[in-house]
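Here is how the chains run, residue by residue.
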Amino acid sequence: MSDLELLTQSLARNVKRWRGERGFTLDTLAARAAVSRGMLIQIEQARTNPSLGTVVKIADALGVSITTLLDYEQGPRVRVVPADQAVRLWHTDAGSYNRLLAGAEAPGPLEMWEWKLVPGESSASDPHPAGTFELVHVTAGELTLVVDGTEYRVPEGASASFEASAAHTYANHGDVPMNMVMAVSVPPVH
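So, how was this worked out
Residues numbered from 1 in each chain as written. Predicted model: local features only at pLDDT ≥ 70, side-chain atom pairs only at ≥ 80, totals over all residues. Heavy atoms only, no water. Helix = DSSP H or I, 4+ residues; strand = E, 2+ residues; numbered from the N terminus. Buried < 20%, exposed > 50% of the residue type's maximum accessible area, 1.4 Å probe, protein only. Arc of directions from axis to C-beta. Salt bridge = Lys/Arg side-chain N within 4 Å of Asp/Glu carboxyl O. Pairing = 2+ DSSP bridges. Axes fitted to C-alpha atoms, helices over the stretch in contact; angles between N-to-C directions. Phe/Tyr/Trp six-rings, centres within 6.5 Å; stacked < 30°, edge-to-face > 60°. Contact = heavy atoms within 4.5 Å. Polar contact = N/O pair within 3.5 Å; in protein donor to acceptor, adjacent residues only side chain to side chain.

## Some words on the environment of Val-186
Right, so step 1: Tracing the backbone shows Val-186 in the segment after strand S10 (178–185).
Right, so step 2: We classify Val-186 as partly exposed; its relative accessible area is 22%.
Right, so step 3: Val-186 sits 53 residues away from Phe-133 along the chain, and the two C-alpha atoms are 6.7 Å apart.

What follows is the structure, encoded as structure tokens:
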């Protein structure tokens, strides 16, 4: 298969995929991109080689990069993050920390974090955009979760979920370290 044929096939597969993930009909994407519905059908069926300008308009309308639309890779994409490459974004001298373990676009940002809070420490968070959800699972100790001024106890082995568009705080009021895994889902920008 030539490079041009490979690009045409990749573009067809990726436009169809991202249009579906965004929940856009052909008419919706055509209107957002200022590209005809007929052109989109030809692109999704790999029957045309559109101009770079058309690809840029479609990428912008879908909220993805041009390289994402032209990505050759087929099948599920797997990214392994070695333990020593997890990013520590916050820590205290006493030993509390959080680490971003992995992230993805699905269709908005999706992140998985590891947290440790030593006794007596806490971490406050400003409200996130509307539609942001957090899931926590406590693997050791007890989390005191404060959401919009209300306190919730999450013991070892328990989980909690909440919309994170309100101010929230993670705290350890116990006398042993608290460990948890947290997932954060942020809605895509439309």
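Next comes the rest of the account.
## Overview of helix H4 (residues 52–62)
Right, so step 1: Where H4 is concerned, the buried positions are Thr-54, Val-55, Ile-58, Ala-59, Ala-61 and Leu-62. All buried residues of H4 project into a common sector of 165° when viewed along the axis, lining one side. Counted as exposed and oriented over 90 degrees from the buried face of H4: Leu-52 and Asp-60.
Right, so step 2: Backbone geometry just downstream of H4 places Gly-63 in the positive-phi region, at approximately 75°.

## Description of the pattern of salt bridges
Right, so step 1: Counting across every chain of the model gives five salt bridges.
Right, so step 2: The salt bridge partner of Arg-37 is Asp-27, with a shortest N-O separation of 3.0 Å. With Arg-37 in helix H3 (residues 37–44) and Asp-27 in helix H2 (residues 26–33), this residue pair connects regions lying 10 residues apart in the sequence.
Right, so step 3: Here the salt bridges do not stand alone but share partners, grouping Glu-142, Glu-151 and Arg-153 into one network.

## Thoughts on the sheet that holds strand S6 (residues 142–147)
Remark on secondary structure: sheet strands pair via backbone hydrogen bonds, oriented parallel or antiparallel.
Right, so step 1: Taken in spatial order, the four strands line up as S4-S9-S6-S7 in an open sheet, and their pairing is antiparallel. Across the chains shown, the open sheet's two edge strands, defined by having one partner strand only, are strand S4 (122–125) and strand S7 (150–155). Across the sheet, the mean angle from the axis of one strand to that of its neighbour is 15°, orientation sign disregarded.
Right, so step 2: Relative to strand S9 (residues 168–171), S4 is paired through four bridges, and the arrangement is antiparallel. Bridge pairing in S9 links Ala-124 to Thr-169.

## With respect to the packing of aromatic side chains
Given two aromatic rings, their pairing is described by the distance between the two centres and the angle made by the two planes.
Right, so step 1: One pass over the structure, following the stated rule, counts two aromatic pairs.
Right, so step 2: Pairing Trp-90 with Trp-115 gives two aromatic rings, centres 5.5 Å apart and planes at 40°, and the pair type is tilted. Of this pair, Trp-90 sits in strand S1 (residues 87–91) while Trp-115 sits in strand S3 (residues 109–117), and the two are 25 residues apart along the sequence.
Right, so step 3: Residue class for Trp-90 comes out partly exposed when judged on its relative accessible area of 22%.
Right, so step 4: Overall, the relative accessible area of 5% leaves Trp-115 in the buried class.

## A short note on H3
Right, so step 1: Residues of H3 that are buried: Leu-40, Ile-43 and Glu-44. For H3, the arc enclosing every buried residue in end-on projection is 90°, short of the 170-degree limit, so these residues lie on one face.
Right, so step 2: If you follow the buried residues of H3, they end up packed against helix H1 (3–22), H2 and H4.
Right, so step 3: A positive backbone phi angle near 55° is found at Ala-46, which sits one or two residues after H3.

## Some words on the side chain of Thr-8
Right, so step 1: Topologically, Thr-8 is positioned in helix H1.
Right, so step 2: Since its relative accessible area comes to 12%, Thr-8 is described here as buried.
Right, so step 3: Reaching out from Thr-8, the side chain makes a polar contact with the backbone oxygen of Leu-4 at a distance of 2.9 Å.
Right, so step 4: When residues no more than four places from it in sequence are discounted, the contact partners of Thr-8 are Ala-46 and Thr-48.

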